[in-house]
Structures are given as C-alpha cells and as structure tokens.
Amino acid sequence: MSTVVAFHAHPDDEVLWTGGTLARAAAQGHRVVVVVATDVMGLVPEGGSVRMRELRASAELLGVHRVEHLGYAGSGHGPVLPPDPPGRQRFVRADVGEAGERLAAILREEGADVLLSYDANGGYGHRDHVKVHEVGARAAELSGVGSVLEATMPREVVARLVRWVRLLRIPFHYDTEELLRLFSARADITHQIDVRPFARQKQAAMAAHRSQLGGGRLAPVMRALVGMPSWAFARFVGREWFIDQARTPAGGVLGDIVD
C-alpha cells in the first residue's frame, strides 16, 4: 500500500479538487494525509478555528487518516493583500524554502509515495493556490517523494460547468475567459480519475464546509451541488484530473493516482 499526501491552500479545497480521489485511495487501503497551507485566519472573525473543524469533518467523511496545517494565514483575493494577522504570516508572503521544508518534513515522516499539489496557475489563479504549486514543488525536491500530481481541470470541462451554472441561473462571480485561459489543455492531462462511486462521500464532505455554503464567491455553486440528487452530483463532478510533469500524456491517460 502507498501513502498519498494532498497539499491544499485552504479548508474546502481538499474536497473541491481531490475529494473523490482521496476517498478512492482510502477505500483501496492507501494511507491518505491532507495538509493545508492556511486556515484563513485573519480574513473572517474566528475563521481559522471554524474552517479547521469543518476540514476535519470533511476529511473524516473522505476516509483521510491525518490532517495537518502548515501554520500560515490565508492571503485573500483581490488587488490588495491584507496585512499579516498578529503572530502569523500570510501564505503568499512565506519564503518558498521555509514553507517547503515544513511540508517536506511531513512527507518524510509519512514516507509519502504520492504528493497531490496544484498546477502552475493554481487552477483558477488564486495567489494562495499558485503558492501551493511553488511550495509543493520545493517540498518534493527536498523530500524526494516519488510522484507529484498537479490537480487541475480541462478547459473544456470548465466551459461546460460554466454553461450549466448559467443555465440554472446560479450566481457566478468569476471571469469565464480568464478561467479558460488559466486551466489546462486536455492534451496536458495525464490522469483522469473516475470518482463517481465516491460521489456520496464527496458531496457529504462538501456539505461539511457549512461556513462556505453561506458566503463567498463560490457559495451559490457549492449550495447547488450539495443540494443535488447524488446521481446528478456524480454526473457533474464525478471525475478529477491531474498532471504529472514527469510523464508525457502521449503514453495514455491513467485512471488511478497510485500504480
């Protein structure tokens, strides 16, 4: 059996980007660890403690064995970067080497075989997500982890999901053209994971992030997904995608993250 460490920017990213993959790996008997860079402390009152409780609830539903936090505060989004909260540093300001060593220490302790991170654009471009890519890459170098898979989505899938959101008249606060530019080309995808058998777990884990259902840019979409019948949820978010920069897609798209 293998050990899979999923590195994410914020609580709720673990389920949005990799929830089905983590549930699948756990069901196969692999050890699954989730590490978040931030707890969003300093962005909303009591945000850190609430978000971490939600993360642990989500992780339990997905079958995750361990949850860790690197100790940084969330950086927010928008043109102005907030000042650091007392005694904490916003993740985007972190030294890549220092943050990478914090993650590498966990990878070495766990004897990690697979590290899940983000692509170079951080998916949709959030500054904390871009930092996850940078720190994850550095931690992989420091620890010598065997495989690094970068979570992403094909642009065609993003376009289809946006059309669905607009058809249902769900408020959507993202620039569609920018999303299609930032996400990955289908030809770059090396792993497409069928997570439809784990849709109920993924949906329940998403619902565990209650604070995110009530507010935030993605809240209307999350509420719609959580409220769907499970068969519809599986249809819309029943696959997850990764890029292995060390492997050429010409070898065929793989259906599992662990060989």
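Residues numbered from 1 in each chain as written. Predicted model: local features only at pLDDT ≥ 70, side-chain atom pairs only at ≥ 80, totals over all residues. Heavy atoms only, no water.

J.: Looking at this structure, how should I read the nonpolar core?
T.: Looking at soluble globular proteins, one finds that nonpolar side chains tend to be buried together. Within the largest apolar cluster, 76 residues are counted, with the highest numbers of intra-cluster contacts made by Phe7, Val35, Val64, Phe91, Leu116, Leu225 and Ile257. What phenylalanine 91 contacts, discounting residues up to four positions off in sequence, is Phe7, Ala37, Thr38, Tyr72, Ala73, Ser75, Ala99, Asp128, Lys131, Val132 and Val135. (Core = buried A, V, L, I, M, F, W, Y, C linked by side-chain atoms within 4.5 Å. Buried < 20%, exposed > 50% of the residue type's maximum accessible area, 1.4 Å probe, protein only. Contact = heavy atoms within 4.5 Å.)

J.: Can you help me understand the packing of helix α8 (residues 199–207) against helix α11 (residues 230–237) in this one?
T.: Packed helix pairs are specified by the crossing angle of their axes together with the interaxial distance, meaning the distance between the axes. Look at α8 against α11: their axes get within 9 Å of each other, and the N-to-C directions meet at 90°. As summarised for this structure, α8 and α11 are arranged roughly perpendicular, according to the angle between their axes. Residues Ala199, Arg200, Lys202, Gln203 and Met206 of α8 lie in contact with α11, whose contacting residues are Ser230, Phe233, Ala234 and Val237. Taken together, the residues of the contact of α8 with α11 sort by class into five nonpolar, two polar and two charged. (Axes fitted to C-alpha atoms, helices over the stretch in contact; angles between N-to-C directions. Helix = DSSP H or I, 4+ residues; strand = E, 2+ residues; numbered from the N terminus. Parallel < 35°, antiparallel > 145°, perpendicular 65-115°, else oblique. Nonpolar A, V, L, I, M, F, W, Y, C, P; charged D, E, K, R; others polar.)

J.: Can you walk me through a positive patch on the surface in this structure?
T.: Together, Arg160, Arg163, Arg186 and Arg239 make up a region of like positive charge exposed at the surface. Following the sequence through the fold, arginine 163 ends up in helix α6 (residues 155–167). (Patch = residues over 30% accessible without salt bridge, like charges linked within 9 Å, V, L, I, M, F, W, Y side chains within 5 Å. Areas by Shrake-Rupley, 256 points an atom, 1.4 Å probe, with all protein chains shown as cover. Salt bridge = Lys/Arg side-chain N within 4 Å of Asp/Glu carboxyl O. Lys, Arg positive; Asp, Glu negative; His and termini not counted. Charge placed at Lys NZ, Arg CZ, Asp CG, Glu CD.)

J.: Just to check I follow, could you spell out the sheet that holds strand β6 (residues 191–194) for this structure?
T.: Hydrogen bonding along the main chain pairs the strands of a sheet, whether they run parallel or antiparallel. The strand order across the open sheet formed by seven strands is β3-β2-β1-β4-β5-β7-β6, and the pairing between neighbours is mixed. Sheet topology places β3 (66–72) and β6 at the edges, where each strand pairs with a single neighbour. Between one strand axis and the next, the sheet turns by 25° as a mean value, whatever way the strands run. Sheet topology places strand β2 (residues 31–38) next to β3; five bridges connect them, and they run parallel. Following the sheet pairing, threonine 38 is matched in β3 by tyrosine 72. (Pairing = 2+ DSSP bridges.)

J.: How do you make sense of unusual backbone geometry when you look at a structure like this?
T.: Backbone phi values are negative for most residues with the exception of glycine, while trans is the configuration of most peptide bonds. You will see that aspartate 12, though not glycine, has its phi angle at about 100°, which is positive. For aspartate 12, a relative accessible area of 8% puts it in the buried group. Look at arginine 169: it is not a glycine, yet its phi comes out positive at around 60°. For arginine 169, the position within the fold is in the loop between α6 and α7 (176–182). Accessibility expressed as a relative area gives 78% for arginine 169, which makes it exposed.

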